[in-house]
Amino acid sequence: MVIVGRGMTLVNIQERMAFYNVKGVSVAIIQETQIDVRNYGELEVGSGLSVTDETIFSACSISKFMTAMLVMKLVSDNVLNLDEDINKYLISWQLRNQKLFTENCVTIRHLLSHQAGIVDPQDSFIELGKNSEYPKNLGILKGDTPYCLSEIVVSEEPGAMFHYSDAAFCVLQQVIEDVAKKQFEQVMREEIWHPLQMQHSFYHTVLLQNKHHVASGHNKYGEIVKGKYLIYPYEAASGLWTTSSDLAKLCTELMDSLGGNGRLGIDSDLINEMIRPQYGKEWIGLSLFLEETELGLEAVSYGWGVGFQCMLVMYPHLQK
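Conventions adopted
- Residues numbered from 1 in each chain as written.
- Predicted model: local features only at pLDDT ≥ 70, side-chain atom pairs only at ≥ 80, totals over all residues.
- Heavy atoms only, no water.
- Buried < 20%, exposed > 50% of the residue type's maximum accessible area, 1.4 Å probe, protein only.
- Helix = DSSP H or I, 4+ residues; strand = E, 2+ residues; numbered from the N terminus.
- Pairing = 2+ DSSP bridges.

A. A look at the pairing of strand β10 (residues 308-314). In terms of burial, β10 is largely enclosed, as 5 of its 7 residues are buried. For strand β9 (residues 296-305) and β10, the ladder comprises 7 bridges, and the chain directions are antiparallel. Residue pairing across strands places G305 opposite F308, the latter belonging to β10. Linking β9 to β10, which pair antiparallel, is a turn of 2 residues; within it G307 sits at a positive phi near 90 degrees.

B. Molecular detail of unusual backbone geometry. Positive phi, close to 60 degrees, is recorded for N21, a residue that is not glycine. Summarising the element assignment, N21 is placed in the loop between α1 (13-20) and β2 (24-31). By relative accessible area, which is 31% here, N21 ends up partly exposed. Here the phi dihedral of Y279 falls at roughly 55 degrees; this positive angle occurs in a residue that is not glycine. Here Y279 shows up in the loop between α9 (268-274) and β8 (289-293). A relative accessible area of 34% places Y279 in the partly exposed class.

Function cannot be inferred from these measures alone, as they are strictly geometric.
Shown next, in the form of structure tokens:
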């Protein structure tokens, strides 16, 4: 699954698919505010079922960009503050500072930019085991599940170092659930999916009941991976299943919001924060990786998991 911003063209998709043994692809292109979706191949090799506009893929860590947009909506609505101590929002659990750093408390800005001083425990955040019970986010934070064997803690000075972190987004998920007093998916549906008419986005395994719209995972040889539909039970970090067109709507919202024309009403200054380097690191914004190119600023979100690869690229400052 690929989502690209304004000004991009795609060439020889089918040739590239054959070269890399890719069996199904959905590409959404945003140009002049219009979304053009192009689909190729099968949702499962040998099934005869073609990839369509409604084919749902695992978005893996592009989930983090989705979460960041929800956070910005809540900040814009004065529910959250980017630079407040997150322990002031957490009710059901507190983020413990392992080494008692005194320079900085952990903030939402730290968490979104992977600079909270949180290092993911070794062998953590794996896919859901077959026939396993879906773990609770609170259990993951406490280290009470097979998916994270130790408590999530702050082990380095916040703001000092970059550590790509699924755990940081699990903390954000708990912040949102504690503040909203609702399940994370419900908040996302009410604040993002419903207003943007993202009708094919899900987190939980119920989506897999209708296999005619869900792509199977394939390995680098083009073979179906064991289990077909591997679940990452960390909604805010990597649990999103969606279509390329739904993600394109989210990208369009970000770019429109820069000019004050977004449908969600997120303040343009907050959107600018997402694509601004954080803590002196030119290549990381709030959930998005940044690079200056000949087309201007490039903002990217990647997702990779067992059987799926996806990439989202935006050029938010290109003229419409």
